[in-house]
Amino acid sequence: MSKTVTTRVDEKLSERIDEIAEEEGLDRSTVVRKFLADGTKNWLIEKSFEDYEAGRITLWQAADRCGLSLWEMIQEARKREVHVPYTVDELEEDLRALE
């Protein structure tokens, strides 16, 4: 089920959204939904890496929180140049979680 969310943006941002919509052949709402989805996903990945680096969660837990596989999360870490000190203990814990 969809839910309507409204917000105000300045005129310049509105114009940019319209330009992108025109270039992509999409309507404004589709572009805004895509940006919100991408921004939310990016925020969640960044927050999960912060929690991982602080030792609050494992890499597996970070991946699960983001709806990604462990390998996709590792790829995100490489892309974002996040240091992943993935230990043998963490690997064993992650493998136990799969059982």
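Draft legend 1. Representation of the environment of Arg-65 within the structure. Following the sequence through the fold, Arg-65 ends up in helix α3 (residues 59-66). Given the relative accessible area of 36%, Arg-65 is considered partly exposed. Residues Arg-65 and Ser-48 lie 17 residues apart in sequence; the distance between their C-alpha atoms is 7.5 Å.

Draft legend 2. Spotlight on the packing of helix α1 (residues 11-24) against helix α2 (residues 28-53). Close contact between α1 and α2 brings their axes to 9 Å; oriented N to C, the two are set at 105°. Taken together, α1 and α2 sit at an angle that is classed as roughly perpendicular. Here α1 contributes Ser-14, Ile-17, Asp-18, Ile-20 and Ala-21 to the contact with α2, which in turn contributes Arg-28, Val-31, Val-32 and Phe-35. In terms of residue class, the contact of α1 with α2 is made up of six nonpolar, one polar and two charged.

Draft legend 3. Spotlight on the nonpolar core. The biggest cluster of nonpolar side chains holds 14 residues, and the ones touching the most others in it are Ile-45, Phe-49, Leu-59, Cys-66, Leu-68 and Met-73. Among the elements of the structure, α2, α3 and α4 (70-79) are those that each provide at least two residues to this core. The residues contacting Phe-49, other than those within four sequence positions of it, are Leu-59, Met-73, Glu-76, Ala-77, Arg-80 and Val-82.

Procedures and definitions
- Residues numbered from 1 in each chain as written.
- Predicted model: local features only at pLDDT ≥ 70, side-chain atom pairs only at ≥ 80, totals over all residues.
- Heavy atoms only, no water.
- Helix = DSSP H or I, 4+ residues; strand = E, 2+ residues; numbered from the N terminus.
- Buried < 20%, exposed > 50% of the residue type's maximum accessible area, 1.4 Å probe, protein only.
- Axes fitted to C-alpha atoms, helices over the stretch in contact; angles between N-to-C directions.
- Parallel < 35°, antiparallel > 145°, perpendicular 65-115°, else oblique.
- Contact = heavy atoms within 4.5 Å.
- Nonpolar A, V, L, I, M, F, W, Y, C, P; charged D, E, K, R; others polar.
- Core = buried A, V, L, I, M, F, W, Y, C linked by side-chain atoms within 4.5 Å.

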